[in-house]
Amino acid sequence: MTKVVHKFGGSSLSSAARYQAVAQIVLGQCLAGDCVVVSAAGKTTNTLVKLWQSYKQDDNQGFSDILLQVENHQSELIEALFVGHTRRDLLAQLDGELKTITDQAKQGVLHEATLLAHGELWSARILAHLLTQLGFAAIHIDARGLFTLHNGQLLHQQNKQACKEQLQGNVLYVVTGFIASDVEHNTVTLGRNGSDYSATLLASYLDADAVSIWTDTQGVFSTDPRKVASAIKYPKVCRSQANLLARLGNPVLHAKTLSPLKNTKIKLRVRSSFDVEAAPTEIVKEGYSKAKRFITTFEDLDLIRVDALQQGEVGELSQLIQHSIHHFNAQGECFILVPAAHTHAVLQALSGRANIVESALQGFAVVAAPSDIAQLQSQATLLLNEQNVVVRFSHCDDEYVLFLTDQAIDSDVLAVLHDKLVNKDRELAVIIAGLGNVGEVFVEQCQHQVAHLQQQFDVKVVALVRSKRMLFSASGIAINTWQQQWQNEAIAYSNAELVERIGELDYEHKVVIDITASEAFSQLYPQFIKQDCHLISANKYAGTADNAWYQQLREQLSERNLHWRYNTSVGAGLPINFALADLQHSGDKITQIEGVFSGTLSWLCSSFDGSTAFSELVLQAQAMGYTEPDPREDLSGRDMQRKLLILARDIGLTLDLEDIALEPLMPTDMADGSWEEFLARREQLDIFYADQYQQAKAQNKVLRYTGSLRLDEQGNVHAKVGIAFVETHSAIAHLTPGDNIFVIKSVWYERNPLVLQGPGAGKEVTAAGIHSDLYWLTQRLK
């Protein structure tokens, strides 16, 4: 069964040494049952085209001379690669085919497509024999027995059946590119550079997993790397941009290559046969890659206006001249760009419906995301004026802008254009998980904050994720209309699909911002790290997970040089994590942390004065949204226990949750049962709290619910979360209801502790704290 289809172009097979190199690639990359599609070796097709032209011109001497060139090249390949009977047999076959060509020419019955087909037939035969000679069983296959057309249209069902029947053995199949047959068994071609098309057709017919197009470049670049040293090699390019580049004549991919892959999961990779170790460029489905910027150049084109261009006519003209033709509409008229050498043939074919608007044109096109095109057009126009380049015609479309000029775009001008139009600031893809109270405010704040960050860093929100659905756009979500996009485009997903989509993102940097309260989501962190994602967490679960898991997570982040910020997991927007880090980085040693780390419990304890039952205050807090849906989660103290563990780990202690003593702010038996059962017993809570309150008052102290972490002189750790009776003159006693407070003692702050106090809850301050972490990350990445 075919898993991968590999295609090797003419430059990959231009000499005996290149055949040997390709054979080694095949041995290393292919399995039995896979297919290899080949083009004609080197410039063989060009030479055969010249041979045909000399035949049509009745240039007998020219015909003989060119045929001799063909013979010499093919003979040299065979003699360099084979010995013994294999060499003799291949030379004999070649000799017979050349004699047939000569005889048909003399008889005036030479057929163009049949003549051109020899290039691919010879390549397939030589490579298959070479692989067999190296011990890899291989068979060469004539694609005219696989691909059939009727009136220029492929018979897909028939072709699929033929491929399944003829390519099911446990050998490697070396298949001719470029050629097919019609229903009368006449040879036809699939257009110049049609071997790429042959490969993707074959992959679609065989339901292959992937296609690898092996070329003489390392992948798809932002512009020609031979002209601009700073050309960017892209790891991923979406299919629509690849197709547009092909229509604009970019030589790496060709116009029809992508069409067979539509609505399939077949992966397409562009790889270098000259540098096998180089990472490929993958051509991916829409939404799996952000839009890139490209500059592709033109030489010697004519601009032709066409009246009433018919559907499919551009394809027919491309087939006629064996070259891609770009067409577009401007000001209600239809235009095509044609290589000047083929203009006469195109005008003849259009039978008086066309005329030349501009001739002998050079120029370039800038391809980019639709939102960037207008700005790039203005920038390019200014740059061309500065470089004294005369523009004779320009056209702006949704995804590209076209400039046709008098003079060629030389390397110097192209480098300037590339530097100003393509090279962008560093890019950061932002994935936001959790769109509850805090999450929605964070996204709203993004409208302003991302614009602020854009001045220094190219930040794009690419995904919004809820528990069951997500909105994902590799090129960026329009934050000001995200709710409408969510309604129209959000889809159900699995965790594996989310991780896969994040892995597909081809940004320089990626960050997952976790504003969920989901332990299950935090367990995805190792997978996010494998996809090279930084992490920002308001979620406490990862920071309080089992210590072995936590330490392994830290190691994974360190190995990949990734950052994890979680300032809002403790103290909302208060910079407690920053403060602890700064003290330790400056050489200080933390000896004690004490305080109130829950806005809910702060409000409850600070608000109670005996005039209102404690349970009534709990219900008020619940109604105001201060508590969890079940307030017992707050009263249990577990949230503060987790926060204290995060702080302990921040100062280098290897604790687990069970190492922190926990005393709830309610009778322990009230944690059981339903919320309704709890309410029925609320008087028990009132008695419990009133008793604690009176005990504190009797000692002339104040009741607070605190967390405390202390290191004694022997280095032993004492950690507790629970009810505390604090001195009336202390900062904790005078806490504003709802505020958090952190009292930090250290070697330097022993007698006069460092105190941080402020709102410890609230969606606005928490969201702002997350933005603070995001800003910190962008500054660190710079």
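Residues numbered from 1 in each chain as written. Predicted model: local features only at pLDDT ≥ 70, side-chain atom pairs only at ≥ 80, totals over all residues. Heavy atoms only, no water.

Chemist: Can you help me understand the sheet that holds strand 4 (residues 148–150) in this one?
Modeler: Strand pairing in a sheet relies on backbone hydrogen bonds. The paired strands run either parallel or antiparallel. Strand order in the open sheet formed by four strands is 5-4-7-8, and the pairing between neighbours is mixed. Every interior strand has two partners, whereas the edge strands, strand 5 (153–154) and strand 8 (187–189), have only one. Note that strand 7 (residues 179–182) and strand 8 share three bridges and pair antiparallel. Each residue of the ladder has a partner; that of S181, found in strand 8, is T187. (Pairing = 2+ DSSP bridges. Helix = DSSP H or I, 4+ residues; strand = E, 2+ residues; numbered from the N terminus.)

Chemist: For this particular structure, what's the right way to read the nonpolar core?
Modeler: It is characteristic of soluble globular proteins that their nonpolar side chains tend to be buried jointly. If you look at the biggest cluster of nonpolar residues, it comprises 78 residues, and the most contacted ones within it are F528 and L635. Beyond its immediate chain neighbours, meaning those up to four positions away, F528 contacts L498, V499, I502, V512, F521, C533 and L535. (Core = buried A, V, L, I, M, F, W, Y, C linked by side-chain atoms within 4.5 Å. Buried < 20%, exposed > 50% of the residue type's maximum accessible area, 1.4 Å probe, protein only. Contact = heavy atoms within 4.5 Å.)

Chemist: Can you help me understand the environment of H718 in this one?
Modeler: Within the secondary structure, H718 sits in strand 31 (residues 717–727). A relative accessible area of 34% means that H718 is categorised as partly exposed. Among the polar contacts listed, one links the side chain of H718 to the side chain of D712, at a separation of 3.0 Å. (Polar contact = N/O pair within 3.5 Å; in protein donor to acceptor, adjacent residues only side chain to side chain.)

Chemist: Mind showing me how you'd approach the sheet that holds strand 24 (residues 491–492) here?
Modeler: Here seven strands make up an open sheet; going across it, the order is 24-23-22-21-25-26-27 and the pairing mixed. The outermost strands of the open sheet, each flanked by one partner alone, are strand 24 and strand 27 (564–565). Relative to strand 27, strand 26 (residues 533–537) runs parallel, the two being bridged by two bridges. In the sheet register, I536 faces strand 27, and the bridge partner there is R565. Contacts from helix 15 (residues 495–504) reach strand 21 (427–433), strand 22 (458–465), strand 23 (469–472), strand 24, strand 25 (509–514) and strand 26, with the element oriented near 10° to strand 23. (Axes fitted to C-alpha atoms, helices over the stretch in contact; angles between N-to-C directions.)

Chemist: Looking at this structure, how should I read the packing of helix 13 (residues 437–453) against helix 26 (residues 763–781)?
Modeler: Helix packing geometry: the angle between the two helix axes and the distance between the axes. Across the interface, helix 13 lies against helix 26 with an axial gap of 9 Å and an inter-helix angle of 40°. One way to sum up the angle between helix 13 and helix 26 is to call them oblique. In this structure, helix 13 crosses over helix 26, and the sense of that crossing is right-handed. Across from N437, V438, V441, F442, Q445, C446, Q449, H452 and L453 in helix 13, the residues of helix 26 making contact are K763, E764, T766, A767, A768, I770, H771, L774, Y775 and T778. (Parallel < 35°, antiparallel > 145°, perpendicular 65-115°, else oblique. Left-handed = near helix turned anticlockwise from the far one by under 90°.)

Chemist: So what exactly am I meant to see when it comes to the packing of aromatic side chains here?
Modeler: The description of an aromatic ring pair rests on the distance of the ring centres and on the angle between the ring planes. Counted by the stated rule, this structure contains 21 aromatic pairs. Geometrically, the ring pair formed by F521 and F528 is tilted, given 5.5 Å between the ring centres and 50° between the ring planes. Residue F521 shares its accessibility class with F528, and that shared class is buried. An aromatic cluster is defined as three or more aromatic residues linked by ring pairs; in this entry it consists of F521, Y525, F528, Y550, W564 and Y566. The aromatic ring of F274 is capped on one face by R18, whose charged end is 3.8 Å from the ring centroid. A cation over a ring is seen here: K292 above Y234, with NZ or CZ 5.7 Å from the ring centre. (Phe/Tyr/Trp six-rings, centres within 6.5 Å; stacked < 30°, edge-to-face > 60°. Lys NZ or Arg CZ within 6 Å of the ring centre and 35° of its normal.)

Chemist: Is there a simple way to think about the pattern of salt bridges in this case?
Modeler: Side chains bearing opposite charge may pair, as long as their charged atoms lie close to each other. A full pass over the atoms with the stated rule returns 30 salt bridges. Ionic pairing is found between D207 and K160, a salt bridge with its closest N-O pair at 3.3 Å. Within this pair, whereas D207 is found in the loop between helix 7 (194–206) and strand 9 (210–215), its partner K160 is found in helix 6 (residues 156–166), the two being separated by 47 residues in sequence. As a salt-bridge pair, E427 and K290 come within 2.8 Å of each other at their nearest N and O atoms. Of the two residues, E427 is situated in strand 21 and K290 in the loop between strand 14 (281–284) and strand 15 (294–306); the sequence distance between them amounts to 137 residues. Of the residues examined, K290 reaches a relative accessible area of 6% and is grouped as buried. One connected set of salt bridges, linked through shared partners, spans K160, K164 and D207. (Salt bridge = Lys/Arg side-chain N within 4 Å of Asp/Glu carboxyl O.)

Chemist: Quick question: what am I supposed to make of the confidence of the model for the protein here?
Modeler: The predicted coordinates should not be examined in detail at positions where pLDDT is low. Per-residue pLDDT for the protein averages 91, and the proportion of residues at 70 or more is 99%. Averaged over each element, pLDDT in the protein is lowest for helix 9 (residues 313–321) (81) and highest for strand 2 (residues 35–38) (97). (pLDDT = per-residue confidence, 0-100.)

Chemist: How should I be thinking about a nonpolar patch on the surface in this particular structure?
Modeler: Nonpolar side chains collect at one region of the surface, where V747, W748 and Y749 lie side by side and expose about 330 Å² of accessible area between them. Looking at the element boundaries, V747 is found in the loop between strand 32 (739–746) and strand 33 (754–759). Classification of V747 by relative accessible area gives exposed; the value is 54%. (Patch = residues over 30% accessible without salt bridge, like charges linked within 9 Å, V, L, I, M, F, W, Y side chains within 5 Å. Areas by Shrake-Rupley, 256 points an atom, 1.4 Å probe, with all protein chains shown as cover.)

Chemist: So what exactly am I meant to see when it comes to the pairing of strand 7 here?
Modeler: Side-chain positions along a regular strand alternate between the two faces of the sheet. Burial along strand 7 is two-sided: the face carrying I179 and S181 and the face carrying A180 and D182 are both buried. Where strand 4 and strand 7 come together, two bridges link them in parallel fashion. When the bridges of strand 7 are listed, T148 appears paired with S181. Count of turn residues in the strand 7/strand 8 antiparallel hairpin: four residues, of which H185 carries a positive phi of about 70°.

Chemist: Sorry, what's going on with unusual backbone geometry here?
Modeler: For residues other than glycine, phi is negative in most cases, and the peptide bonds are mostly trans. For N388, which is not glycine, the phi torsion reads 60° and is therefore positive. Checked against the element boundaries, N388 lands in the loop between helix 11 (370–386) and strand 19 (391–396). The exposed category is assigned to N388, whose relative accessible area is 62%.

Chemist: So what exactly am I meant to see when it comes to the side chain of R632 here?
Modeler: Among the structural elements, R632 can be located in helix 22 (residues 632–635). Ignoring anything within four residues of it in the chain, the contact list for R632 reads M666, M670, A671, D672, G673, S674, W675 and F678.

Chemist: Quick question: what am I supposed to make of empty space enclosed by the protein here?
Modeler: The gaps left among the atoms become clear once a water-sized probe is rolled over them. Enumeration over the complete set of coordinates arrives at five cavities of 30 Å³ or more. Approximately 50 Å³ is the volume attributed to the largest cavity. Within the lining of the largest cavity, the residues separate by chemical class into four nonpolar, three polar and one charged. (1 Å grid on protein atoms, 1.4 Å probe; cavity = no way out; pocket = protein on both sides within 12 Å on 5 of 7 lines; lining within 4 Å. Points joined across faces, edges and corners; volume = space filled by probe spheres on them. Nonpolar A, V, L, I, M, F, W, Y, C, P; charged D, E, K, R; others polar.)

Chemist: How should the environment of V37 be read in this particular structure?
Modeler: Tracing the backbone through its elements, the reader meets V37 in strand 2. A relative accessible area of 1% means that V37 is categorised as buried. A sequence separation of 257 residues divides V37 from F294, and the C-alpha atoms of the two residues are 28 Å apart. Those residues in contact with V37 that lie beyond four places of it in its chain are V5, H6, K7, F8, V175, T176, G177, S195, S198, A199 and L202.

Chemist: Any chance you could explain the packing of helix 2 (residues 44–56) against helix 3 (residues 60–81) here in plain terms?
Modeler: Their axes nearest at 8 Å, the elements helix 2 and helix 3 cross at an angle of 160°. Relative to helix 3, the element helix 2 lies roughly antiparallel. Crossing of helix 2 over helix 3 shows left-handed handedness. Where helix 2 approaches helix 3, its residues T44, T47, L48, K50, L51, S54 and Y55 are matched on the opposing element by G62, F63, I66, L67, Q69, V70, H73 and Q74. Grouping the constituent residues of the contact of helix 2 with helix 3 by class yields seven nonpolar, seven polar and one charged.

Chemist: Can you help me understand the state of the cysteines in this one?
Modeler: By definition, a disulfide links the sulfur atoms of two cysteines through a covalent bond. Under the defined criterion, the tally for this structure stands at zero disulfides. The thiol of C238 is not disulfide-bonded; the next cysteine sulfur, from C396, is found 18 Å away. Overall, C238 belongs to the buried group, its relative accessible area being 5%. This cysteine, C396, is not joined by any disulfide, and C334 carries the nearest cysteine sulfur, 17 Å off. With a relative accessible area of 34%, C396 lands in the partly exposed category. (Disulfide = S-S within 2.5 Å.)

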